[in-house]
Number of protein chains: 2
Amino acid sequence: MTISADVARRATNRGTPGRVGDVRRQNLALIMHRLDAAGQMTRAQLAAETGLTKASVSSLVADLMSAGLLSEVGLNRVGERGRPGLGVALNTEAAALGMEINVDYIAVGVLDFAGELHFHAVREQHNAGRPPEEVLSSLQSLADEALEQAGGSGMKIHAGGLAVPGLVDPANGRVLRAPNIGWRDVNVALWAEALVSGASFGTAIFNEANTSALAELWYGHGRDLDNYLYVSGEVGIGGGVIIDSELFEGPGGNAGEIGHVVVDPDGPDCSCGGVGCLERYAGQEAILAQAGVDGGNTVERMGALRVSLESQDAAALAAVERAGHHLGVATASTLRMLNLDAVVLGGHFAQLERWIVPAFRGSVNRHAPALLAEDRILVSKLGPTAAVMGAAGSRIRSVLQKPYELFS
Amino acid sequence: MTISADVARRATNRGTPGRVGDVRRQNLALIMHRLDAAGQMTRAQLAAETGLTKASVSSLVADLMSAGLLSEVGLNRVGERGRPGLGVALNTEAAALGMEINVDYIAVGVLDFAGELHFHAVREQHNAGRPPEEVLSSLQSLADEALEQAGGSGMKIHAGGLAVPGLVDPANGRVLRAPNIGWRDVNVALWAEALVSGASFGTAIFNEANTSALAELWYGHGRDLDNYLYVSGEVGIGGGVIIDSELFEGPGGNAGEIGHVVVDPDGPDCSCGGVGCLERYAGQEAILAQAGVDGGNTVERMGALRVSLESQDAAALAAVERAGHHLGVATASTLRMLNLDAVVLGGHFAQLERWIVPAFRGSVNRHAPALLAEDRILVSKLGPTAAVMGAAGSRIRSVLQKPYELFS
């Protein structure tokens, strides 16, 4: 998934004298995963839980601390006997940079290995139809600010992740199609070094809805749910499907495109080339047009829509209700095909929760009775940070899996 | 998946003196699977391919022959040196009974372990609204005929499988909901022994569309495709999703219900409790009503529809075109969510291929452009035998996995 091609080569050498053997590699990853799951542990606890000797654990932890991935933390309660041990935990100074390009904004944030987001910044700007180089250049300046702040706080950025609203080819670092911003076959790999210079794991690219669904898995409702449909509401509508606590990508790699599920076969044309897609009824532009809110950029207009909703404006209420109804139709069809337990609404669907969820719930129950429990319609816990957190979190997981790649 | 609860207990004893050990169990299953894949092999070839010694293979094969699962077959070409070996193959006298209950017919067939169907019989009868006991009783009489014929031919039936058009709970042998025949929580397990008496592996129950999708995987297009949507066209419409050459059941176990994907949110009520489902536009009754074909049972009316189509009857052509259009809408939504490579049309969609596929193809391309290649719209190779073959084939696979359960 990484763009930088030289990672594997660099990583095979562990400096003098030799290479990291396969068994040691597995054990290094094992230590990282145990600490990721448990938060903090003593070396003795790690030895007990992994079945490794205490001497092995100490040596592995030493390497991981040298690489900046672990740090010692304050006293940790152990059993009743013996002196209290010093705990180790994922180093909160180790981090990944998450980035997002969407239709009307760009965003960045630094996610530390313990899952906390720092220096989150959003810049509102029209990206649709602009040359990709211009958009990437402005993203670079926003990323530079975050990286500078992170560096000033002593944080080390090991990888970057970029979320875009479209179909991507992660292996080659390309955006294949992102109709809502007008991109087609854009080589983001060329920008990887510029966006996050010096990151050992390079920069990878993701579909925005998939990465948001994963962020919810790791940092939000996923702690309680092992399967759900995540619906990302922006100008476009994306979807991510989580099954058995993993992203379901489908045989072709692009599953979950609920924005282009058909909700009215005789509906309007869609930017995807289809007809009557959900996006044309429940995307931000569609709702704003229906509600008659104009003037300003999409972010400003969404704010104006909220004001209208608060004041019970009939056109605004009707537009959101209509969107909720159609979102329910597409979700009902999705539940019939995928038989998921829950739905997590993100993006503007989360912002409009009060007004959109009643219509949504009614429509799901009308078209797929009894398939979705009352308490399984949820709103994202991550709000507008989901895509950035997911992009960074995906890269943190790459480091957890192959920490030895930092031992160069 | 088997209904009979005592199989495991019976199977743990290998008669005198001892039990079949775990390693031997694995090796027995390995031999069965190799022969299932290869058709026939010599003992020497089996030894070479499995890595077992020739003595082990001979002993394993002897046990499997004693259990009636393997038989020796004519001379098999081996390499250039040595005398030609006698081949072994799955015994074509070992078989499973497949059964199907649908809205307007019942069907049975005996499938041998080499995948050939014998004594296939279909009895047209109205099952909707009849007491389940009556339907199961008539199925039993049809099954008895097939079993008698099979017995007369020297075949041994090791297991039974029953396909029904509804949601099932295989573990408990229950049909949960089959609205098109009016069943709700019917305990088929009570009938298991009566339907296929003496079968060591008992009788299991399956969803008709899922089992048809699997039949296509094992005996039809699945030899060339590892993922597809199978659409079963009967009075109701079911679906089965194959991903990575396995049935995708979804977290809740009931994925693939394309018959209840919404194709018109303002459409008619459906037997499932939903509104505007595909089934109401493209199920047999829906097409017949739209075409104005009445008189006789559904099977007879479908015959009359074909005659009308052959003679270019405008109402018949329009009804089928309308069904194809809506089938395309539901398929487009499915492809967006699951990103599958191919669609296999079964049941009446296969019978009506000439008339329905053009409208179907046009609709898929309109709503999900470029997602389904021209040559990936296929018609089932199995026709009306799909459900029976899938139900029997699923049980044959149970025997292949645990052949030692027959060593009692």
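Keep in mind it's a predicted model, so treat the numbers as computed, not measured.

1. Concerning the packing of aromatic side chains
Now for step 1: As enumerated under the stated definition, the model contains three aromatic pairs over all chains in all.
Now for step 2: The interplanar angle of 70° and the centroid separation of 6.3 Å between the aromatic rings of B:W218 and B:Y219 together place this pair among those described as edge-to-face.
Now for step 3: Sitting over the ring of A:W218, A:R397 keeps its end group 4.0 Å from the ring centre.

2. Here's the deal with the pairing of strand β15 (residues 343–347) of chain A
Residues and elements named next belong to chain A.
Now for step 1: Of all five residues that make up β15, five are buried, and the element is covered over most of its length.
Now for step 2: Across three bridges, β15 lies against strand β16 (residues 377–379) in parallel orientation. From the neighbouring strand, V344 faces β16, where its bridge partner is L378.

3. Concerning the nonpolar core
Now for step 1: In terms of nonpolar packing, the biggest core is built from 90 residues, with A:L305 and B:L305 touching the most fellow members.
Now for step 2: Those residues in contact with A:L305 that lie beyond four places of it in its chain are A:I287, A:L288, A:A291, A:V293, A:A316, A:V320 and A:L352.

4. Quick word on the interface of chain B and chain A
Now for step 1: On the chain A side, the residues contacting the 37 residues of chain B number 37 residues.
Now for step 2: When the two sides are added together, the surface that chain B and chain A hide from each other amounts to roughly 2,900 Å², 62% of it contributed by carbon and sulfur.
Now for step 3: Looking only at chain B, the three residues that lose the most surface to chain A are B:P251, B:R336 and B:M337, adding up to 25% of its buried area.
Now for step 4: Put simply, chain B and chain A have zero salt bridges between them.
Now for step 5: Looking at the side of chain B that touches chain A, the elements with two or more residues in it are β13 (237–243), α11 (314–338) and α13 (353–367) of chain B.
Now for step 6: Split into classes, the residues belonging to the side of chain B that touches chain A amount to 19 nonpolar, 14 polar and four charged.

5. Topic: unusual backbone geometry
All names here are of chain B.
Now for step 1: Even without being glycine, N339 reaches a positive phi, approximately 55°.
Now for step 2: Looking at where N339 falls in the secondary structure, it is placed in the loop between α11 and β15 (343–347).
Now for step 3: If you check the backbone angles, A370 has positive phi at about 70° while not being a glycine.
Now for step 4: When you line up the elements, A370 lands in the loop between α13 and β16 (377–379).

6. With respect to helix α7 (residues 208–219) of chain A
Residues and elements named next belong to chain A.
Now for step 1: If you check α7, its first and last C-alpha atoms are 16 Å apart, about what twelve residues at 1.5 Å a residue would give, namely 16 Å.
Now for step 2: Where burial is concerned, most of α7 is hidden: eleven out of the twelve residues are buried.
Now for step 3: If you check which residues of α7 are buried, you get E208, A209, N210, T211, S212, A213, L214, A215, E216, L217 and Y219.

7. A word on the domain arrangement of chain A
Residues and elements named next belong to chain A.
Now for step 1: Taken domain by domain, chain A holds domain 1 (7–92), domain 2 (94–211 + 387–401) and domain 3 (223–380).
Now for step 2: Using only C-alpha atoms to locate each centre, domain 2 and domain 3 end up separated by 25 Å.
Now for step 3: Domain 2 puts 14 residues into the contact, and the matching count from domain 3 is 18 residues.
Now for step 4: Interface area, domain 2 with domain 3, both sides summed: about 1,300 Å², of which 47% is carbon and sulfur.
Now for step 5: Considering only the surface of domain 2 that becomes buried against domain 3, D104, A209 and N210 emerge as the three largest contributors, covering 36% of it.
Now for step 6: Joining domain 2 to domain 3, the criterion identifies zero salt bridges.
Now for step 7: Where domain 2 packs against domain 3, one counts five residue pairs in polar contact (both at pLDDT 80 or more).
Now for step 8: Here the side of domain 2 that touches domain 3 gets three residues from one element, more than from any other, and that element is α7.
Now for step 9: Its residues assigned to classes, the side of domain 2 that touches domain 3 comprises five nonpolar, five polar and four charged.

8. Side note on the sheet that holds strand β13 (residues 237–243) of chain A
Residue and element names in this part refer to chain A.
Now for step 1: Strand order across the open sheet formed by five strands is β14-β13-β12-β15-β16, with mixed pairing between neighbours. The sheet is open, and its two edges are formed by β14 (246–248) and β16, each paired on a single side. The mean angle between the axes of side-by-side strands here comes to 30°, regardless of whether they run parallel or antiparallel.
Now for step 2: Pairing analysis gives five bridges linking strand β12 (residues 228–233) to β15, with the strands arranged parallel. Across the sheet, residue S232 finds its bridge partner in β15, namely G346.
Now for step 3: Against the sheet, helix α13 (residues 353–367) makes contact with β15 and β16, and its axis sits at roughly 160° relative to β16, the strand it touches most.

9. Looking at the pairing of strand β12 (residues 228–233) of chain B
All names here are of chain B.
Now for step 1: Where burial is concerned, most of β12 is hidden: six out of the six residues are buried.
Now for step 2: Burial of the side chains of β12 extends over both faces: Y228, Y230 and S232 are buried on one face and L229, V231 and G233 on the other.
Now for step 3: As defined by bridge partners, β12 adjoins β13 across six bridges and the pair is classed as antiparallel. Each residue of the ladder has a partner; that of Y230, found in β13, is G240.

10. Overview of the sheet that holds strand β4 (residues 94–101) of chain A
Each strand in a sheet pairs with its neighbour through backbone hydrogen bonds, running either in the same direction (parallel) or in the opposite one (antiparallel).
All names here are of chain A.
Now for step 1: If you trace the five strands from one edge of the open sheet to the other, you get β6-β5-β4-β7-β11, paired in mixed fashion. Every other strand in the sheet has two partners, leaving β6 (117–124) and β11 (203–207) as the edge strands with one partner each. With strand direction ignored, the average angle separating the axes of adjacent strands in the sheet is 15°.
Now for step 2: Two strands pair when backbone bridges link them, and strand β5 (residues 105–112) and β6 are joined in this way by six bridges, in the antiparallel orientation. The partner of L111 across the bridge, within β6, is L117.
Now for step 3: The strands touched by helix α14 (residues 386–401) are β4, β5, β6, β7 (156–164) and β11; relative to β4, the strand with the most contacts, the crossing angle is about 140°.

So, how was this worked out
- Residues numbered from 1 in each chain as written.
- Chains lettered and ligands numbered in written order.
- Predicted model: local features only at pLDDT ≥ 70, side-chain atom pairs only at ≥ 80, totals over all residues.
- Heavy atoms only, no water.
- Phe/Tyr/Trp six-rings, centres within 6.5 Å; stacked < 30°, edge-to-face > 60°.
- Lys NZ or Arg CZ within 6 Å of the ring centre and 35° of its normal.
- Buried < 20%, exposed > 50% of the residue type's maximum accessible area, 1.4 Å probe, protein only.
- Helix = DSSP H or I, 4+ residues; strand = E, 2+ residues; numbered from the N terminus.
- Pairing = 2+ DSSP bridges.
- Core = buried A, V, L, I, M, F, W, Y, C linked by side-chain atoms within 4.5 Å.
- Contact = heavy atoms within 4.5 Å.
- Buried area = accessible area lost by both parts, 1.4 Å probe.
- Salt bridge = Lys/Arg side-chain N within 4 Å of Asp/Glu carboxyl O.
- Nonpolar A, V, L, I, M, F, W, Y, C, P; charged D, E, K, R; others polar.
- Expected span 1.5 Å × (residues − 1).
- Domains from an automatic or database assignment.
- Polar contact = N/O pair within 3.5 Å; in protein donor to acceptor, adjacent residues only side chain to side chain.
- Axes fitted to C-alpha atoms, helices over the stretch in contact; angles between N-to-C directions.

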